[in-house]
Each structure stands twice: as C-alpha cells, then as structure tokens.
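So you can see what is in the structure, the chains are spelled out below.
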Amino acid sequence: MTLQLTTAPGDLARAAGLLRAGRLVAFPTETVYGLGADATDPVAVASIYAAKGRPGFNPLIAHVAGLEAARREGCFGSAAQRLAEAFWPGPLTLVVPVEASGSVCELARAGLASIALRVPSHPVALALLQAAARPVAAPSANRSGHVSPTTAQHVLDDLAGRLDAVVDGGDTPVGVESTVVACLEEQVHLLRPGSITVEDLERVLGAPLSRTGVGDADAPLSPGRLAAHYAPNAFVRLNAERVLPGEALLAFGPLALPGAETAAAQVNLSPAGDLTQAAAMLYRALRLLDATGARMIAVAPIPEAGLGAAINDRLRRAAVR
Ligand code: TXA
Ligand code: MG
C-alpha cells in the first residue's frame, strides 16, 4: 500500500516521520519527483535501489535543507562555496569530497570518496527536509530506465506498492533533473546539464567549465550514468526535418514540420519556442506520446542554447537503444 499525502503540515509531518523510520517517501522538488530515504541509514538506502530496480549501486544525491547542513557532509572549496551561495536553494547538485565526519552512509555514495549534495528550492521539499532533520537520498522516483516523474501520478504509475508514501505537490516546475557539477579539483566539471546552464555557472565562477563527462557514460567522474537512462518505449528520432508515415511528433516552436498534419499523435513542447516551457513539458510529452502506442517519435530540432543543452542531452539518451 502506498499512502497518498497532501502538502498540509500534518501530512508533511507524517512523511518526515516515515523517512526517519527508514521508509521510502516520494516528494516533489522543483526538478522532478524524488524517491527519498534516510541517507544515513544503509537499509533504507538499499530499499531505494530495490524499488527502482537499479542495475547497480549508483551514487545518489543527498538532499539537505541548507548550506550549513551540506557543509557537515562535504568539503566545500572556493568554487563549490561560490556556486552554492549563488544557486542554492535550487536545481544544482554539487559533487565535492566527502567530509570524514559526515553522516551519509557509504551505500548512498556507492563507496566513493565524493558526495553529491543539493538544496532544493521547492517549498514542499524544503519543509520535508527540515522536518526530517537529516540528509535524504533521492534519485528520480521512476523505475530504472524509465522517464523521470513530474507528477505524483507518474510516481504511482511506476512505483505504486513499492514505496510507503508519495507527497502530491502537483506538477514540478522545472521538469528536468538538476545540473550536476563536480568540484573535486581546481577545474570544475559539468557532469549533467540542467536548467542552471553552463553560462550561468561560468558567470559565477569567472572561468570556463570543463565539459568532459557530459554524454560519455563511461566517464570516471560520473559513475552512475547510463546512456539510455531516460528512455520511453517508443523509438526516438532526433532532429527530424519531416514526419514520416506512422510517426508521432514531438514538436517545438511555431513552425509545423512537413508531414505534421498526418502525424499519429503530436505534442508541442512550446508553441512559442520557449526553452523553459519546453523543459517543463519534456517528460510529460514523452509519456503522452508513448501512451498512444506509437512505435517512433520524430523530434523537431531544438536549439542547443541555454536550457536546450539539457533538453537535447535527455533526448539523445532517450534515442539510445
Ligand atoms: O533533480 C535531480 O537531481 C533529481 C531530484 C530528485 O533531486 N535527482 C536525480 O537523482 O536526478 P539521480 O539519482 O537520478 O541522478 C543523480 C546523478 C547521477 O547522474 C549520478 O551519477 C550523479 O548524480 N552522482 C551522484 N553522486 C555522484 C558522485 N559522487 N560523483 C559523480 N556523480 C555523482
Ligand atoms: Mg534518474
């Protein structure tokens, strides 16, 4: 049985109590829904991997309520400190050397000497973290290999019966996972693009970011990356210049692709061509098109600028078979 909770204070207190008791609770963040467990409890963390059906023990993000709590778990050099001050709370995950006296268990870190930390800005996530009063490990609340959830219903579709509760906070505003950045050496590395863009990060760092690791599933800095992590059931064809017979269409912007009028189904990520709106729609749109039973989804070209880099990164992964 999966308990469905609201964001009322009594329900959040109940959710925090479940987390403290080692149970699994899904909750909204500004990016996607997370499948949360007490990050200090290896048995609770193991149940995350079991519920998701993850192929291995990928390192998880430890979510905390503020920078002070984060500093108890990780070592913040000057770059990490500056990024945290600029973007927390928010959709940025910082990978830093683990603090020897930290409380996050080794299993949550997959045995690494580094730790991924994030302070989410979603008020429900923050309230829950404050009430739980400990770091909460939370990958996206989907079965391994499935599309990340942006509503409580998506979580239930994938994981009902495999978790103890889900807090329904409505649609997640950003819609793609956090930007992940490694601050382990002098050079800062981008491990996963997200809504905090390379341009945003470089502005704060005052130096260029290294992108080694992005799009490379074997990169040593990002041990948990699977190429086909975001896959829908349908095949995905990127940068389509026309829609072929039988294909569904994932459109973007005001211009219709040739053949769009006979597409098996179509969703436009943003008729106005707005990349922020497109990111928020991305997983929802993939689910909608997948649900039509279409075998192939043609994806209109999406510009690589700003949030487009994160959207295209997720779509390239969805296209890998
Ligand atoms: O927006 C998000 O980040 C969502 C919400 C729930 O916060 N969470 C999420 O978690 O996307 P997950 O587990 O699906 O992705 C975590 C990413 C993975 O790519 C993982 O490899 C990387 O963070 N990661 C975690 N710890 C790491 C470490 N010590 N070194 C390098 N990469 C790490
Ligand atoms: Mg995920």
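Only a predicted model underlies this, so the values are computations on that prediction, with no experimental measurement involved.

What follows deals with the environment of Pro173. Structurally, Pro173 can be placed in the loop between β8 (165-167) and β9 (179-182). Apart from the residues within four sequence positions on either side, Pro173 is in contact with Thr29, Glu30, His122 and Ala280.

Moving on, we get to helix α9 (residues 308-319). Structural remark: α-helix, 3.6 residues per turn; residues separated by three or four positions point the same way. The terminal C-alpha atoms of α9, which comprises twelve residues, lie 16 Å apart, in line with the 16 Å expected from a rise of 1.5 Å per residue. Extensive coverage of α9 is indicated by the burial of nine of its twelve residues. For α9, the full list of buried residues reads Gly308, Ala310, Ile311, Asn312, Asp313, Arg314, Leu315, Arg317 and Ala318. In this structure, the buried residues of α9 make contact with β10 (189-192), β11 (235-237), β12 (248-251), α8 (275-291) and β14 (296-299).

Quick look at the pattern of salt bridges now. This structure, assessed with the given rule, holds nine salt bridges. Of the charged contacts, one joins Asp38 and Arg134 as a salt bridge, the two residues approaching to 2.9 Å between their closest N and O atoms. You can see Asp38 sitting in strand β3 (residues 33-38) and its partner Arg134 sitting in the loop between α5 (123-132) and β7 (136-137), a full 96 residues away along the chain. For the salt bridge of Arg203 with Asp200, the shortest nitrogen-to-oxygen distance reads 3.1 Å. In this pair, Arg203 and Asp200 both sit in helix α7 (residues 198-205), three residues apart, roughly one turn of the helix. Of the residues examined, Arg203 reaches a relative accessible area of 61% and is grouped as exposed. Note on Asp200: relative accessible area 19%, which makes it buried.

With respect to the helices and strands, Arg314 occurs in helix α9. Separated by ten residues in sequence, Arg314 and Glu304 have C-alpha atoms that sit 12 Å apart.

Moving on, we get to the packing of α8 against α9. One can describe the packing of α8 onto α9 by two numbers: an axis separation of 9 Å at closest approach and a directional angle of 20°. Looking at the two axes, α8 sits roughly parallel to α9. In the packing of α8 onto α9, the handedness of the crossing is left-handed. Residues Leu275, Ala278, Ala279, Leu282, Tyr283 and Leu286 of α8 pack against Gly308, Ile311, Arg314 and Leu315 of α9. Here the contact of α8 with α9 is built from residues that sort into eight nonpolar, one polar and one charged.

Those residues of α7 not exposed but buried are Val198, Asp200, Leu201 and Leu205. The arc that holds every buried residue of α7, seen down its axis, measures 160°, which confines them to one face. On its buried face, α7 sits against α4 (78-87), β5 (92-97), β9 and β10. At the exit of α7 stands Gly206, carrying a positive phi of roughly 70°.

This part covers the side chain of Glu73. Within the fold, Glu73 resides in helix α3 (residues 67-73). For the buried Glu73, no salt bridge is present, and the opposite-charge side chain at shortest range is Arg72, 5.5 Å distant. Polar side-chain contacts of Glu73 include one of 2.7 Å to the backbone nitrogen of Ser103. Excluding residues that lie within four positions of it along the chain, Glu73 makes contacts with Val98, Glu99, Gly102, Ser103, Val104, Ile115, Leu117 and Pro135.

Now for the sheet that holds strand β1 (residues 3-5). With respect to topology, ten strands assemble into an open sheet ordered β1-β8-β2-β3-β7-β4-β6-β5-β9-β10, the strand pairing being mixed. Across the chains shown, the open sheet's two edge strands, defined by having one partner strand only, are β1 and β10. Here strand β2 (residues 25-28) pairs with β3 via four bridges, running antiparallel. Bridge pairing in β3 links Phe27 to Gly34. Where helix α1 (residues 9-20) meets the sheet, its contacts fall on β1, β2, β3, β7 and β8, and the angle it forms with β1 comes to roughly 135°.

We now examine the packing of aromatic side chains. Aromatic rings in a pair are described by how distant their centres are and how their planes are angled relative to each other. Enumeration over the complete set of coordinates arrives at one aromatic pair. Ring centres of Phe76 and Trp88 lie 5.9 Å apart, and the angle between their planes is 70°; on these two criteria the pair is classed as edge-to-face. Note that Phe76 is positioned in the loop between α3 and α4 and Trp88 in the loop between α4 and β5, a separation of twelve residues in sequence. Looking at Phe76, the relative accessible area reads 12%, which means it is buried.

Each value, and the rule that gives it
- Residues numbered from 1 in each chain as written.
- Chains lettered and ligands numbered in written order.
- Predicted model: local features only at pLDDT ≥ 70, side-chain atom pairs only at ≥ 80, totals over all residues.
- Heavy atoms only, no water.
- Helix = DSSP H or I, 4+ residues; strand = E, 2+ residues; numbered from the N terminus.
- Contact = heavy atoms within 4.5 Å.
- Expected span 1.5 Å × (residues − 1).
- Buried < 20%, exposed > 50% of the residue type's maximum accessible area, 1.4 Å probe, protein only.
- Salt bridge = Lys/Arg side-chain N within 4 Å of Asp/Glu carboxyl O.
- Axes fitted to C-alpha atoms, helices over the stretch in contact; angles between N-to-C directions.
- Parallel < 35°, antiparallel > 145°, perpendicular 65-115°, else oblique.
- Left-handed = near helix turned anticlockwise from the far one by under 90°.
- Nonpolar A, V, L, I, M, F, W, Y, C, P; charged D, E, K, R; others polar.
- Arc of directions from axis to C-beta.
- Lys, Arg positive; Asp, Glu negative; His and termini not counted.
- Polar contact = N/O pair within 3.5 Å; in protein donor to acceptor, adjacent residues only side chain to side chain.
- Pairing = 2+ DSSP bridges.
- Phe/Tyr/Trp six-rings, centres within 6.5 Å; stacked < 30°, edge-to-face > 60°.

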